[in-house]
Amino acid sequence: MANAIITPTATSSTSTSTRCTVKRRKLDGHHQHDHQQLLPGLPDHIAQLCLSLVDPSTLYSVCRTWRLLIYAPSFPYFLSIYTILASTGDPESICFSSFDPISSKWNLLPPPPPDPPLRLLFRHPSFISGYLPIQSVSIAGNLVLLAATTHRILPALPRPLVFNPLSQKWSYGPPLATPRRWCAAGSSRGAVFVASGIGSHYRSDVARSVEKWDLGSHHNHKNGNQKIPTWEKMGPLKDGKFSREAIDAVGWRGNLCMVNVKGAAVKEGAVYDVSNDAWEDMPEGMIAGWRGPAAAMDEETIYVVEESKGVLKKYDSETDRWVVVLQSERLRGAGSVAAGGGRVCVVRSGGVGVVVVDVVASPPKLWEVDTPSGFQAVAIHVLPRLSQPDSHSNQRY
């Protein structure tokens, strides 16, 4: 399948210390001085077109030149798993990492901008149990960090932080009218949405508010457009019941679908029509089966993991019911879910591993990727692989 997450040949793990020391892959620069043709007798730009038709895992295994090629910015990308990792020994040590399914290695993302310093808290020393959510979304091939908490139990992000895997660069989005935590966060049709939540303290107007940011305006501004991107206020929620937990607003067919409570508890659901800026109640069958973390594949099919039973299901809108895909003990207690490239990726209970399910295969196939030792995954996304600007085809042909 094009751009699919490649099935790894073996379960992968990486040793790290209690600080954030996941190794970043470094490519040898000698090729810059000793150019080697991609295919003898063909110009490199023609050879690249031919090689783009070959599975990248095959190219990786043949020779070093082709291995470098598959990470070039100009070469068609494959998809990778991205996670936010929290150290099990240091509550303030947060890492952003990517698992490369071709090399079966975890790679550390470049650090975010140092000014102002990014200080996110996953566990508070005063709390005996429970975690402080770090909320992020993926949109148009970017990772967007939206909400988190400081050690003073205040919102940690006054504006979004955006990472682009192909450029390997971070950038800031526009300031939020009200920085928040424990909100609903999602994306649909090229825009990022935040709804409800709590600022420095609870306010009913914030708990009902909805804001939209068009990511296209962000990229246009970076490319020289003088119009400064901003958050746009949208139609409010009918009440503040969605400020109780960190909520995933799942983009699906031009809508954002969300429930106000996690797990199997009795809950309320809402569906936001992105085009018409209108809220409506969630269909009965959808809310009845929404019993765990959920994600959508290309905004077309919603998958949910019923965490108490370890059952992966997909939603059938025609019958308003959930259809079982598979059941596995490894899915019990699932933390978060992402979908892309025909795969559903599930963070295991406690964040100690990622279960990958090929939902295109018949029957579905399942395998597991270990998270780095000393860290637990707190969020997961499926995005283009990290690009290496100094690789073979980053030359002018």
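Bear in mind that the values here come from a model prediction, so they are computed numbers and not experimental data.

A. How the structure looks around the pairing of strand 3 (residues 105-108). By the bridge criterion, 4 bridges tie strand 2 (residues 94-100) to strand 3 in an arrangement that is antiparallel. Each residue of the ladder has a partner; that of Ser98, found in strand 3, is Asn107.

B. Seen up close, helix 1 (residues 44-51). Buried within helix 1 are the following residues: Asp44, Ala47, Gln48 and Leu51. The arc enclosing the buried residues of helix 1, seen along the axis, measures out at 105°, which places them on a common side. Packing partners of the buried residues in helix 1 comprise helix 2 (56-62) and helix 3 (64-69).

C. A look at the packing of aromatic side chains. Using the criterion set out here, one finds 11 aromatic pairs in the structure. Where Phe99 meets Trp106, the ring centres are 5.3 Å apart and the plane angle is 55°; that geometry is what we call tilted. Pair check on accessibility: Phe99 and Trp106 agree, each one buried. Ring centres of Tyr315 and Trp322 lie 5.2 Å apart, and the angle between their planes is 55°; on these two criteria the pair is classed as tilted. Owing to a relative accessible area of 9%, Tyr315 belongs among the buried residues under this scheme. By way of ring pairs, the aromatic residues Trp252, Trp290, Tyr315 and Trp322 are connected into one cluster. One cation-aromatic arrangement involves Arg67 over Tyr60; the distance from NZ or CZ to the ring centre is 5.0 Å.

D. Inspection of the pattern of salt bridges at higher detail. As enumerated under the stated definition, the model contains 11 salt bridges in all. Residue Glu211 is joined to Arg180 by a salt bridge in which the shortest nitrogen-to-oxygen separation is 2.8 Å. With Glu211 in strand 10 (residues 210-214) and Arg180 in the loop between strand 7 (169-172) and strand 8 (184-188), the pair connects residues that are 31 residues apart, well separated along the chain. In terms of burial, Glu211 and Arg180 fall into one category: buried. Between Arg253 and Glu300 there is a salt bridge whose closest N-O contact spans 3.5 Å. Taken together, the residues span a long stretch of sequence, with Arg253 in the loop between strand 12 (247-252) and strand 13 (255-259) and Glu300 in the loop between strand 16 (294-297) and strand 17 (301-306) at a distance of 47 residues. Take Arg253: its relative accessible area is 40%, and that puts it in the partly exposed class.

E. Molecular detail of the confidence of the model for the chain. Model confidence for the chain is summarised by a mean pLDDT of 87, while 85% of its residues fall at 70 or above. Low confidence marks residues 9-33, where pLDDT is under 50. Its contacts with residues over four positions away, or in another chain, come to 62 contacts. Throughout residues 392-397 the model reports pLDDT below 50, and contacts reaching past four residues in sequence, or to other chains, amount to 19 contacts.

F. A look at unusual backbone geometry. Of note, the bond from Asp115 into Pro116 is cis; its omega dihedral lies within 30 degrees of zero at 0°. Following the sequence through the fold, Pro116 ends up in the loop between strand 3 and strand 4 (135-139). The peptide bond linking Ser362 to Pro363 adopts the cis configuration, its omega dihedral lying at -5°. Its identity is not glycine, yet Ser104 carries a phi of approximately 55°, on the positive side. Among the structural elements, Ser104 can be located in the loop between strand 2 and strand 3. The buried category is assigned to Ser104, whose relative accessible area is 18%. The backbone of Gln168 sits at a positive phi, close to 55°, despite the residue not being glycine.

Cut-off values and rules
Residues numbered from 1 in each chain as written. Predicted model: local features only at pLDDT ≥ 70, side-chain atom pairs only at ≥ 80, totals over all residues. Heavy atoms only, no water. Pairing = 2+ DSSP bridges. Helix = DSSP H or I, 4+ residues; strand = E, 2+ residues; numbered from the N terminus. Buried < 20%, exposed > 50% of the residue type's maximum accessible area, 1.4 Å probe, protein only. Arc of directions from axis to C-beta. Contact = heavy atoms within 4.5 Å. Phe/Tyr/Trp six-rings, centres within 6.5 Å; stacked < 30°, edge-to-face > 60°. Lys NZ or Arg CZ within 6 Å of the ring centre and 35° of its normal. Salt bridge = Lys/Arg side-chain N within 4 Å of Asp/Glu carboxyl O. pLDDT = per-residue confidence, 0-100.

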